[in-house]
Amino acid sequence: MAQKGSPVILAKTGDRKEGMEKIFKSLKTNIVKGKDVLIKPNFNTADAAPGSTHNETLMALVEEIWKAGAKSVSLGERSYPVTRQVMEQKGVLPILQRLDVKILDFDELPEKDWVEFKPAQSHWPSGFRVARPILESECLISTGCLKTHQYGGVFTLSLKLHVGVVPTSRHGYEYMRQLHSSPHQRKMIAEINEPFKPALVVMDGVEAFVDGGPATGKRARGEVFWASADRVAADAVGVALLKHLGSNEKIMGSRIFAQEQIARAGELGLGASSPSAIDLVPADEASRDYAGRITEIVKEG
């Protein structure tokens, strides 16, 4: 059977190590072999998962990357508070050291390594800047969580994850103030993603925030991992998962491809622009029924 569109692998499991193993086993090609890999996690704050990337998820991801033959592994992030403090509070520094992962603290980047972009049709008043390591990464793998966003984003999945590649007032820029005060916030989130493309996004939905978020919120058990090279497809599946779990009115009362983050990303050609452009692939037989249920929600658009 011909592949319909962007593949999104779905693994039904409540075990993070198992979920990551299933995802990597299901990839059609080895995307990391011989490459310098950069991981972009969800370390906006140090709040417990799904407020931030679970340490077990991060460890499992690093182990799979090394197992697949990566040349090197780095982790790059810019948090909302001081980035190094967030990493310390999460307890990831000794983990990263033990796993031979280099830390790229974007707070420490010189001005020349915040690269400016001024897209012609952008909703950013004067463009925005992106951390150079993200732009120049040989193999970028981003990993996020399953959650809603109460401060205007509606949801925070793989597109919203990449707000952490843009500098803050801590670095002398007012981009975050512009983003959070704009009526076009959700479109601006999508636009941040235009200058770069991850090789893969791996999303942890073992636990979810179905209301509130991004740091704390109403919890539900999703017991799922999903992954794709297509950020729009990944986010569409994420919104479908939130619908399946029972979320707030902004999720339940809107069609998936009418959500502004997803619609704008589709307009920019960043990925799937309709349900028919997504091919949800179960990682194994145990995931098939769940993948089928989520596919039906995605099909509703």
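Presented here is a report on the structure given in the accompanying data block. What you are looking at is a predicted structure, and each value in this text was computed from that prediction instead of being measured.

### Digging into the overall build of the protein chain
Here is step 1 of the chain: Broken down by element type, the protein chain carries 12 helices and 12 strands.
Here is step 2 of the chain: Each of the 301 residues in the protein chain was classed as buried or not, and the buried ones make up 58%.
Here is step 3 of the chain: A sequence separation of at least 24 residues applies to 75% of the contacts in the protein chain between residues at least 6 apart.
Here is step 4 of the chain: Averaging the positions of the 39 positive and the 37 negative side-chain charges in the protein chain gives two centres separated by 2 Å.

### What about the nonpolar core?
Here is step 1 of the chain: Counting 60 residues, the largest nonpolar core has Ile134, Trp226, Val237, Ile278 and Ile294 as its most contacted members.
Here is step 2 of the chain: Sequence-distant contacts of Ile134, that is, excluding residues within four places in its chain, are made with Leu38, Lys40, Phe106, Leu140, Val165 and Phe196.
Here is step 3 of the chain: Core analysis: the second largest hydrophobic core is formed by 35 residues, Ala60, Leu99, Val202 and Val206 among them.

### Considering the packing of helix α1 (residues 16-26) against helix α2 (residues 55-67)
Here is step 1 of the chain: Between α1 and α2, the shortest axis-to-axis distance is 8 Å and the interhelical angle comes to 35 degrees. Seen along the crossing, α1 lies across α2 with a hand that is right-handed. Together, Arg16, Lys17, Met20, Glu21 and Phe24 of α1 and Glu56, Thr57, Ala60, Leu61, Glu63, Glu64, Ile65 and Lys67 of α2 make up the contact between the two elements.
Here is step 2 of the chain: Within the contact of α1 with α2, the residues separate by chemical class into five nonpolar, one polar and seven charged.

### A short note on the pattern of salt bridges
Here is step 1 of the chain: Following the criterion strictly, the structure yields 24 salt bridges and no others.
Here is step 2 of the chain: Asp107 is paired through a salt bridge with Arg170; the nearest N and O atoms lie 2.9 Å apart. Of this pair, Asp107 sits in the loop between β4 (102-105) and β5 (114-117) while Arg170 sits in the loop between α6 (158-161) and α7 (175-181), and the two are 63 residues apart along the sequence.
Here is step 3 of the chain: Note that Lys112 and Asp113 form a salt bridge whose closest N and O atoms lie 3.3 Å from each other.
Here is step 4 of the chain: Members of the salt-bridge network, linked through shared partners, are Lys112, Asp113, Arg132 and Glu136.

### Remarks on the packing of helix α8 (residues 185-192) against helix α11 (residues 260-267)
Here is step 1 of the chain: Across the interface, α8 lies against α11 with an axial gap of 8 Å and an inter-helix angle of 45 degrees. Between α8 and α11, the angle falls in the class oblique. Two packed elements cross with a definite hand, and for α8 against α11 that hand is right-handed. Across from Arg186, Lys187, Ile189, Ala190 and Glu191 in α8, the residues of α11 making contact are Glu260, Gln261, Arg264 and Ala265.
Here is step 2 of the chain: A per-class count over the contact of α8 with α11 returns three nonpolar, one polar and five charged.

### Some remarks on the packing of aromatic side chains
Here is step 1 of the chain: A full pass over the atoms with the stated rule returns five aromatic pairs.
Here is step 2 of the chain: When the ring of Trp124 is compared with that of Tyr175, the centres are 6.1 Å apart and the planes differ by 80 degrees; the resulting orientation is edge-to-face. In this pair, Trp124 is assigned in the loop between β5 and β6 (128-131) and Tyr175 in helix α7, connecting sequence segments 51 residues apart. The burial state of Trp124 is the same as that of Tyr175; both residues are buried.
Here is step 3 of the chain: Clustering of aromatic rings is evident, with ring pairs tying together Phe117, Trp124, Phe128, Tyr173 and Tyr175.
Here is step 4 of the chain: Above the face of the Tyr290 ring, Lys12 is positioned so that its terminal group lies 5.0 Å from the ring centre.
Here is step 5 of the chain: Just above the ring of Phe196 sits the side chain of Arg231; from NZ or CZ to the centre is 5.4 Å.

### Quick word on the environment of Gln178
Here is step 1 of the chain: Here Gln178 shows up in helix α7.
Here is step 2 of the chain: For Gln178 and Ser126, which are 52 residues apart along the polypeptide, the C-alpha to C-alpha distance reads 9.9 Å.

### Digging into the environment of Arg129
Here is step 1 of the chain: Within the secondary structure, Arg129 sits in strand β6.
Here is step 2 of the chain: Taking relative accessible area as the criterion, Arg129 reaches 16% and is therefore assigned buried.
Here is step 3 of the chain: Taking the C-alpha atoms as reference, Arg129 lies 6.9 Å from Pro167; in sequence the two are 38 residues apart.
Here is step 4 of the chain: Filtering out sequence-adjacent residues up to four positions away, Arg129 remains in contact with Trp114, Val115, Glu116, Val165, Val166, Pro167, Tyr173 and Tyr175.
Here is step 5 of the chain: Polar side-chain contacts of Arg129 include one of 3.1 Å to the backbone oxygen of Trp114.

### Some words on the side chain of Ser142
Here is step 1 of the chain: Summarising the element assignment, Ser142 is placed in strand β7 (residues 139-149).
Here is step 2 of the chain: Of the residues examined, Ser142 reaches a relative accessible area of 0% and is grouped as buried.
Here is step 3 of the chain: Excluding residues that lie within four positions of it along the chain, Ser142 makes contacts with Lys40, Leu161, His162, Pro198, Leu200, Val201 and Val202.

### Some remarks on the pairing of strand β10 (residues 217-221)
Here is step 1 of the chain: Looking at chain direction, strand β9 (residues 200-212) and β10 are connected through five bridges and run antiparallel. Among the inter-strand pairings, Asp211 is bridged to a residue of β10, identified as Lys218.
Here is step 2 of the chain: Between β9 and the antiparallel strand that follows it, β10, lie four residues; Gly213 among them carries a positive phi value of about 80 degrees.

Cut-off values and rules
- Per chain, the residues get numbers from 1 upward, laid out in the order the sequence is written.
- Since the coordinates come from a predicted model, pLDDT governs what is reported: local features require at least 70, and pairs of side-chain atoms require 80 or more to be given and counted, while whole-chain, interface and lining totals use all residues.
- Each side-chain value is derived from all of the structure's non-hydrogen atoms; neither hydrogens nor water enter the calculation.
- Helix and strand definitions follow DSSP, with helices as H or I runs of at least four residues and strands as E runs of at least two, each counted in order from the N terminus.
- Per-residue accessibility, obtained with a 1.4 Å probe over protein chains only, is compared with the maximum for each type, and a residue is labelled buried under 20%, exposed over 50%, and partly exposed between these values.
- The criterion used for residue contact is that any of the two residues' heavy atoms lie within 4.5 Å.
- Positive charges come from Lys and Arg alone, negative charges from Asp and Glu alone, with His and the N- and C-terminal ends not counted.
- Throughout, a charge is located at the NZ atom of Lys, the CZ atom of Arg, the CG atom of Asp or the CD atom of Glu.
- We call a set of buried residues a nonpolar core when its members are Ala, Val, Leu, Ile, Met, Phe, Trp, Tyr or Cys and they connect through side-chain atoms within 4.5 Å of each other.
- Note on definitions: angles span 0 to 180 degrees between N-to-C directions of axes, and those axes are lines fitted to C-alpha atoms, for helices only across the stretch in contact.
- Each crossing is labelled by how the near helix is turned from the far one, with a counterclockwise turn of less than a right angle marking it left-handed and a clockwise turn marking it right-handed.
- Residues are grouped as follows: Ala, Val, Leu, Ile, Met, Phe, Trp, Tyr, Cys and Pro are nonpolar; Asp, Glu, Lys and Arg are charged; all remaining types, including Gly, are polar.
- Salt bridges are defined by distance alone: a side-chain nitrogen of Lys or Arg within 4 Å of a carboxyl oxygen of Asp or Glu.
- Any angle between 65 and 115 degrees counts as roughly perpendicular, while under 35 counts as roughly parallel, over 145 as roughly antiparallel, and the rest as oblique.
- Stacked, tilted and edge-to-face are the three classes applied to pairs of Phe, Tyr and Trp rings, where Trp contributes its six-membered ring and a pair requires centres within 6.5 Å; stacked means planes under 30 degrees apart, edge-to-face means over 60, and tilted covers the rest.
- The rule is short: NZ of Lys or CZ of Arg within 6 Å of the ring centre and within 35 degrees of the ring normal puts a charge over the ring.
- Between N or O atoms, a polar contact is any pair within 3.5 Å; within protein, one atom must be a potential hydrogen donor and the other a potential acceptor, and residues adjacent in sequence are included only when both atoms are from side chains.
- Paired strands, in this sense, are two strands between which DSSP finds at least two bridges.

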